[in-house]
Amino acid sequence: MARRRDHVIALRLNDREYRHLCQQVAISGLPREEYLRSLIMGRTIHPRPCTHHEELMRKVAGLCNNANQLAHRANSTGVAGQQSVDEITRIAKEIWHEIKIKY
């Protein structure tokens, strides 16, 4: 069932206020109405992550996935393959290098 929004509120802004609103909406990555509803409801609005954050998060997720697989194998067999350990080490070094360069 879709949520109904029957109430429309007209809001007048001067040029400065309007520019500020547009900048904040652009930073948030939200549609303007969603941004305003979030403000009204007292939600914390975070800036949309930069595109290089997405790449970094994907690499971190891959590292975590590999570490989880390695831990699972080590728990079930009592040993972890050297190839898996080397791969996790390589990915961790790559991520650390990227963090040092970009942040």
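The rules behind the values
Residues numbered from 1 in each chain as written. Predicted model: local features only at pLDDT ≥ 70, side-chain atom pairs only at ≥ 80, totals over all residues. Heavy atoms only, no water. Helix = DSSP H or I, 4+ residues; strand = E, 2+ residues; numbered from the N terminus. Rg over C-alpha atoms; globule rule 2.2 N^0.38 Å. Buried < 20%, exposed > 50% of the residue type's maximum accessible area, 1.4 Å probe, protein only. Contact = heavy atoms within 4.5 Å. Areas by Shrake-Rupley, 256 points an atom, 1.4 Å probe, with all protein chains shown as cover. Lys, Arg positive; Asp, Glu negative; His and termini not counted. Charge placed at Lys NZ, Arg CZ, Asp CG, Glu CD. Polar contact = N/O pair within 3.5 Å; in protein donor to acceptor, adjacent residues only side chain to side chain. 1 Å grid on protein atoms, 1.4 Å probe; cavity = no way out; pocket = protein on both sides within 12 Å on 5 of 7 lines; lining within 4 Å. Points joined across faces, edges and corners; volume = space filled by probe spheres on them. Nonpolar A, V, L, I, M, F, W, Y, C, P; charged D, E, K, R; others polar. Core = buried A, V, L, I, M, F, W, Y, C linked by side-chain atoms within 4.5 Å. Salt bridge = Lys/Arg side-chain N within 4 Å of Asp/Glu carboxyl O.

## A word on the overall build of the protein
- Counting secondary structure elements, the protein contains 4 helices and 0 strands.
- Each helix and strand of the protein, placed in order from N terminus to C terminus, yields the pattern α-α-α-α.
- Here the protein has a C-alpha radius of gyration of 23 Å; the compact-globule value for 103 residues is 13 Å, and the former is much larger.
- For the C-alpha atoms alone, the extent of the protein along its principal axes is close to 65 × 40 × 20 Å.
- In the protein, buried positions account for 13% of the 103 residues.
- Across the protein, contacts joining residues at least 24 apart in sequence account for 37% of those joining residues at least 6 apart.
- Total accessible area on the protein stands at roughly 9000 Å², and carbon and sulfur atoms take up 56% of it.
- On the protein, the mean spot of the 17 positive side-chain charges and the mean spot of the 11 negative ones are 3 Å from each other.

## Side note on the side chain of Ser28
- Looking at the element boundaries, Ser28 is found in helix H1 (residues 15-28).
- A polar contact is formed between the side chain of Ser28 and the backbone nitrogen of Leu30, at a distance of 3.0 Å.
- For Ser28, the residues in contact, after removing those within four places along its chain, are Tyr35, Ile45, His46, Pro47 and Arg48.

## Details of the layout of surface pockets
- Estimated volume of the largest pocket: approximately 690 Å³.
- Lining the largest pocket are 16 residues, and of these His7, Glu33, Leu36, Arg37 and Ile40 sit closest to its centre.
- A total of 6 residues in the lining of the largest pocket trace back to one element, the largest contributor, which is helix H2 (residues 32-40).
- Grouping the constituent residues of the lining of the largest pocket by class yields 8 nonpolar, 1 polar and 7 charged.

## Quick word on the nonpolar core
- By size, the foremost hydrophobic cluster in this structure holds 6 residues: Leu56, Leu63, Leu70, Ile88, Ile91 and Ile95.
- Residue assignment for this core shows that the elements contributing at least two residues are helix H3 (51-77) and helix H4 (82-102).
- When neighbours within four sequence positions are excluded, Leu70 is seen to be in contact with Ala80, Gly81, Ser84, Val85 and Ile88.

## Side note on the pattern of salt bridges
- What the rule picks out here adds up to 4 salt bridges.
- With a closest N to O distance of 3.5 Å, Arg37 and Glu34 form a salt bridge. Here Arg37 and its partner Glu34 are both found in helix H2, 3 residues apart, which amounts to about one turn of the helix.
- Take Arg37: its relative accessible area is 24%, and that puts it in the partly exposed class.
- The network of salt bridges with shared partners includes Glu33, Glu34 and Arg37.

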